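# Structure at a glance
Listed below are the residues making up each chain.
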Amino acid sequence: MKDPAGAVIGLDFDGTLSPIVPDPAAAVIHPKAPAVLAELGAHVGAVAIVTGRPPATALELGPGLADVPGLVILGHYGFERWENGRISAPPPPAGVPRAKADLPLLLDSLGVEGVTVEDKGRAVAVHTRRAPDPEGALAALREPLAGLAERHGLVVEPGRMVLELRPPGMDKGHALGLFLAERDARSVLFAGDDLGDLAAFDAVRSSGLPGVTVCSGSAEVTALAERADIVVDGPDGVLALLAELASAFSR
C-alpha cells in the first residue's frame, strides 16, 4: 500500500485476531494484537474490527483494544458500533429473545447432545464444537434452526461448528462497504477466517478500490482460502502480516 493514510484495515475477531476455542466465552485475543493494531492505526486511515460478537464482548475478550487509537468495532455484523469509548445501536429485535426461548424445547426434541447456546443479545448462536459428533450435530440442526429463524423473522448465519440466528438486513460485507464510504477509503485490506467473512471479501472486490483479502487459514473452512489473495496460518499468521505492514509503513 503506497498510500497508507487512505487505507482501511478490516479484521474479523474469532479465528483471525483470536484463536478458535471450544468455549466461545473463553476466547482471548492474540497477545500481540493490541500493540500491532496501535502501530498500524498510527499510519492508516482506519482500523475496524468487523465481528458477529457484540462490541462489548470483543473488548472484554481483547484487553488493550480500548486503548488502540482510532479503532472502530462494528459488532453484530454492523448493527452495533463502538468508537471513542461509546456504543451506538438501534433497539434490539424482538425475534431474538423469542427464538432463544424456543431453543431448549427444539434441541430437546431433536436429541442433539453436547450443543451449547450463546446469547449474544442481538443474536443467539448454537455451537456444536463440544458435541460427540460436531459435524453430525451441525447437519441435524441446520433445517430445524432455519425453520425457527423464519418463524421469528431471523436468518441463519453458518460458521465454524456454529449456527447463529440473527436479524436480516446486515452482514459483514454491508457493514464494511458503508464504513469504506464513510471514511473515503482509497484502499482496503480485510482479513477473516469463516463463511461470514465471504460477504466482506465480496465488499472488497465490489468497492472499486485497490484491495487485498486475507484468509486466516484453518482445516475447518476452505471456502475462504479459495477466494483469498493471501492465505496465512491462523491468527499467528495474521498478526505477523499486520506487523510486517506496520513496519513497512514506519520505514
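Conventions used here
Residues numbered from 1 in each chain as written. Predicted model: local features only at pLDDT ≥ 70, side-chain atom pairs only at ≥ 80, totals over all residues. Heavy atoms only, no water. UniProt positions renumbered as here; feature names shortened; annotations may be inferred. Helix = DSSP H or I, 4+ residues; strand = E, 2+ residues; numbered from the N terminus. Buried < 20%, exposed > 50% of the residue type's maximum accessible area, 1.4 Å probe, protein only. Polar contact = N/O pair within 3.5 Å; in protein donor to acceptor, adjacent residues only side chain to side chain. Contact = heavy atoms within 4.5 Å. Core = buried A, V, L, I, M, F, W, Y, C linked by side-chain atoms within 4.5 Å. Pairing = 2+ DSSP bridges. Axes fitted to C-alpha atoms, helices over the stretch in contact; angles between N-to-C directions. Phe/Tyr/Trp six-rings, centres within 6.5 Å; stacked < 30°, edge-to-face > 60°. Lys NZ or Arg CZ within 6 Å of the ring centre and 35° of its normal. Salt bridge = Lys/Arg side-chain N within 4 Å of Asp/Glu carboxyl O.

By the naming in an unreviewed UniProt entry, the protein chain is Trehalose 6-phosphate phosphatase, taken from Nonomuraea bangladeshensis. Entered under Pathway (unreviewed entry) in the UniProt record, the comment concerning the protein chain runs "Glycan biosynthesis; trehalose biosynthesis." Its UniProt record gives the protein chain a comment under Catalytic activity (unreviewed entry), which states: "alpha,alpha-trehalose 6-phosphate + H2O = alpha,alpha-trehalose + phosphate".

Attention shifts here to the side chain of histidine 30. Tracing the backbone through its elements, the reader meets histidine 30 in the loop between β1 (7-11) and α1 (33-41). Histidine 30 gets classed as buried once you look at its relative accessible area, which sits at 9%. Within the local environment of histidine 30, its side chain forms a polar contact with the side chain of aspartate 236, the two groups lying 2.7 Å apart. Histidine 30 has contacts with Leu17, Ser18, Pro235, Asp236 and Leu239, leaving out every residue within four places of it along the chain.

Another point: unusual backbone geometry. Despite not being glycine, histidine 76 has its phi angle at roughly 50°, a positive value. A relative accessible area of 3% means that histidine 76 is categorised as buried. Its identity is not glycine, yet tyrosine 77 carries a phi of approximately 65°, on the positive side. Summarising the element assignment, tyrosine 77 is placed in the loop between β3 (72-75) and β4 (80-83).

Side chains that are nonpolar tend, in soluble globular proteins, to be buried together. Core analysis: the biggest nonpolar cluster contains 33 residues, and Leu17, Leu40 and Leu65 have the highest contact counts within it. With seven residues, helix α8 (residues 234-250) is the largest single contributor of residues to this core. Those residues within four positions of leucine 65 in sequence are excluded, and the remaining contacts are Phe13, Ile29, Pro34, Leu37, Ile49, Ala58, Leu59 and Leu71. Core analysis: the next-biggest nonpolar cluster, separate from the first, contains 23 residues, Val72, Tyr77, Phe190 and Ala200 among them.

With antiparallel pairing, the four strands of this open sheet are ordered in space as β6-β7-β9-β8. This sheet does not close on itself; its edge strands, each paired only once, are β6 (116-119) and β8 (155-159). Strand after strand, the sheet turns through a mean of 20° between neighbouring axes, direction not considered. Sheet analysis places β6 next to strand β7 (residues 124-127), joined by four bridges and oriented antiparallel. The partner of threonine 116 across the bridge, within β7, is histidine 127. Its contacts with the sheet put helix α3 (residues 95-110) on β6, β7 and β9 (162-166), and the angle it makes with β7 is roughly 25°.

On to the packing of aromatic side chains, then. Summed over the entire model, instances satisfying the criterion amount to one aromatic pair. Aromatic side chains phenylalanine 190 and phenylalanine 201 sit 6.4 Å apart centroid to centroid with 80° between the ring planes, which places their arrangement in the edge-to-face category. A residue pair is termed long-range when its members are at least 10 positions apart, and phenylalanine 190 in strand β10 (residues 187-192) and phenylalanine 201 in helix α6 (residues 198-206) qualify at eleven residues. Residue phenylalanine 190 is classed as buried on the basis of its relative accessible area of 0%. The cationic tip of arginine 166 hangs over the ring face of tyrosine 77; the distance from NZ or CZ to the ring centre is 4.3 Å.

Let's shift gears to the pattern of salt bridges. This model, assessed by the stated rule, comprises 19 salt bridges. Where arginine 183 meets glutamate 83, a salt bridge forms, and the shortest distance between an N and an O atom there is 2.9 Å. With arginine 183 in the loop between α5 (172-182) and β10 and glutamate 83 in strand β4, this pair connects stretches of sequence that are 100 residues apart. Of the residues examined, arginine 183 reaches a relative accessible area of 27% and is grouped as partly exposed. Given the relative accessible area of 24%, glutamate 83 is considered partly exposed. Across the pair aspartate 197 and lysine 172 runs a salt bridge whose closest N-O atoms are separated by 2.8 Å. Of the two residues, aspartate 197 sits in the loop between β10 and α6 while lysine 172 sits in helix α5, which places them 25 residues apart along the sequence. Of the two residues examined, aspartate 197 and lysine 172, each falls in the buried class. What emerges from the salt-bridge pattern is a single network uniting Arg81, Glu83, Glu182 and Arg183.

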